[in-house]
Amino acid sequence: MLAFFICTLLYLSQYFKEMNILILSRNPALYSTQSLVRAGASRGHFIQVYDHFYCDFYIESGNMKIYHNGYQVNGIHAIIPRIGASVTDLGSLLIRQFESMGIYSSLSSDSLLKARNKLSALQILAASGIPVPKTISTAYSEDLSGFLSLIDDYPLIIKLVNSTHGIGVVKAATRTDAVAIMEAFIQMKGRALAQEFIRESEGIDIRSFVVGNKVVASMERRAQEGEFRSNLHRGAEAVSIELTQEEIDISLQSAKALGLNIAGVDLLRSKHGPVVIEVNASPGLEGIEGATGVDVAMEIIKFLEKQVKE
Ligand SMILES: Nc1ncnc2c1ncn2[C@@H]1O[C@H](COP(=O)(O)OP(=O)(O)O)[C@@H](O)[C@H]1O
Ligand SMILES: [Mg+2]
């Protein structure tokens with residue numbers, strides 16, 4: 001009897017010390033997912049990975065539930081959503097369902113939506129006084145050429161508001177090119193923005209990785225020869241760098257403005273100082289961990305532990 005009691009107590013103490021963490025990821029084999037699983041397990045947590053595609057919603061006033069592959073999801077202390085750009089809507093709905101069940105999420109549904117759309121992110125950043133490149137956007141303009149004259153410094157950058165990995169980010173050499181590209185995007189029903197080209201950045205951008213109220217790692221990405229986009233998916237190279245205090249402050253302010261606890265803030269060094277071009281709500285870990293040697297996944301898990309405890 002006593003042995004049974006001791007065993008039960010030991011079992012329960014384990015249960016209260018460690019957490020059941022659920023990672024939402026379309027592919028458990030991805031580097032970022034693997035990294036989080038490894039870090040979480042090494043801290044003694046029970047980690048599961050669910051594909052958000054196979055999560056179902058039950059909605060009733062005061063009684064929200066989630067099913068995964070037909071089984072009700074129970075006993076989860078925290079979720080870490082890894083939501084790709086192609087499933088933003090589904091991802092944000094699922095996060096909201098978890099939130100409504102009182103489960104802590106490292107990324108809020110609201111912040112995911114705010115950050116994912118470049119125009120909405122720039123609106124929020126600029127309104128918070130954070131420096132961003134001059135940007136204009138239109139869904140329809142009879143006089144695109146006249147509208148573009150609001151910036152009129154060529155080359156000009158044109159991007160789809162939901163571009164990722166640099167796809168949908170183009171450079172227009174002249175106003176005629178810019179009008180033609182904007183027309184094509186508008187015709188395709190793609191929401192586009194035009195933005196001043198920060199030529200001094202010369203194909204180099206900075207990724208500052210924020211966890212909580214700290215920049216835990218930062219890298220510089222250098223575009224391939226002849227390319228202005230410094231995305232790793234476009235063949236850029238990454239090296240670890242030290243940020244200036246101003247860059248650290250801007251990174252933290254940007255994450256805070258968008259309500260993100262975990263964020264990949266992308267900065268360009270302009271002649272007027274750092275400007276933020278985008279903030280990633282589900283930043284990849286492979287590039288940053290590879291370039292800096294920092295165990296960013298571990299930082300995320302430790303942050304989560306503190307948040308859930310609070
Ligand atoms: N205004 C700009 N001036 C100079 N380079 C830019 C500008 N905007 C984007 N870039 C380059 O293009 C890359 C991709 O743009 P970004 O806005 O980050 O879109 P994505 O979400 O597709 O990565 C950036 O990493 C940067 O190298
Ligand atoms: Mg980017």
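Residues numbered from 1 in each chain as written. Chains lettered and ligands numbered in written order. Predicted model: local features only at pLDDT ≥ 70, side-chain atom pairs only at ≥ 80, totals over all residues.

## As for the site of ligand 1
This is how the line gets drawn: Any residue whose C-beta atom, as placed from the backbone, lies within 6 Å of a molecule or strand is termed near it. Helix and strand assignments come from DSSP, with helices taken as H or I runs of at least 4 residues and strands as E runs of at least 2, each series counted from the N terminus. How far each domain reaches was decided by an automatic or database domain assignment.
Around ligand 1, the structure places 21 residues, and the nearest of them are Ser 163, Ile 198, Asp 205, Arg 229 and Ser 230. Those elements that provide at least two residues to the shell around ligand 1 are strand S9 (156-164), strand S15 (262-270) and strand S16 (273-280). For the shell around ligand 1, the element with the highest residue contribution is S9, accounting for 4 residues. Taken together, domain 2 (135-197) and domain 3 (200-303) each give at least three residues to the shell around ligand 1, which thus spans both.

## As for the sheet that holds S16
We count it as follows: Two strands are counted as paired when DSSP detects at least two bridges linking them. Axis definition: a line fit to C-alpha positions, over the contact stretch in the case of helices; interaxial angles, taken between N-to-C directions, run 0 to 180 degrees. Note that contacts rest on C-beta atoms placed from the backbone: two residues are in contact if these are within 7 Å.
Taken in spatial order, the 5 strands of this open sheet run S14-S13-S12-S15-S16, and their pairing is antiparallel. Edge positions in the sheet fall to strand S14 (237-240) and S16, since each of these pairs with one other strand and no more. For this sheet, the mean angle separating the axes of adjacent strands, direction not counted, is 30°. Bridge count between strand S12 (residues 204-211) and S15: 6 bridges; the pairing is antiparallel. Considered in S15, the bridge of Arg 207 is made with Asp 266. In the packing of helix H8 (residues 245-257) onto the sheet, contacts are made with S12, strand S13 (214-222), S15 and S16, and the angle to S16 comes to roughly 35°.

## Some remarks on the packing of helix H3 (residues 88-100) against helix H4 (residues 109-116)
Any two packed helices are characterised by the angle at which their axes cross and by the distance between the axes. Put simply, the rule is: Under this scheme an angle from 65 to 115 degrees is roughly perpendicular, one under 35 degrees roughly parallel, and one over 145 degrees roughly antiparallel; angles in between are oblique. Note on residue classes: Ala, Val, Leu, Ile, Met, Phe, Trp, Tyr, Cys and Pro are nonpolar, Asp, Glu, Lys and Arg are charged, and everything else, Gly too, is polar.
Between H3 and H4, whose axes approach to 8 Å, the crossing angle comes to 160°. Put simply, H3 runs roughly antiparallel to H4. For the pair H3 and H4, the contacting residues are Thr 88, Gly 91, Ser 92, Ile 95, Arg 96 and Glu 99 in the first and Ser 109, Leu 112, Leu 113 and Arg 116 in the second. The class makeup of the residues in the contact of H3 with H4 is 3 nonpolar, 4 polar and 3 charged.

## A word on the pairing of strand S2 (residues 46-50)
The cut-off we apply is this: A crossover gets the label right-handed when its path from the first strand over the helix to the second runs clockwise, viewed with the strands pointing away from the viewer.
For strand S1 (residues 20-24) and S2, the ladder comprises 5 bridges, and the chain directions are parallel. Each bridged residue has a counterpart across the sheet, and for Leu 22 the counterpart in S2 is Gln 48. Handedness of the S1-helix H2 (residues 31-42)-S2 crossover: right-handed.

## Let's talk about the sheet that holds S2
With parallel pairing, the 4 strands of this open sheet are ordered in space as S2-S1-S6-S7. Only two strands of the sheet have a single partner each, and these edge strands are S2 and strand S7 (104-105). As paired strands, strand S6 (residues 78-81) and S7 are joined by 2 bridges and run parallel to one another. Paired with Ala 78 across the two strands is Tyr 104, which belongs to S7. Against the sheet, helix H10 (residues 296-309) engages S1, S6 and S7, with an angle of about 140° to S6.

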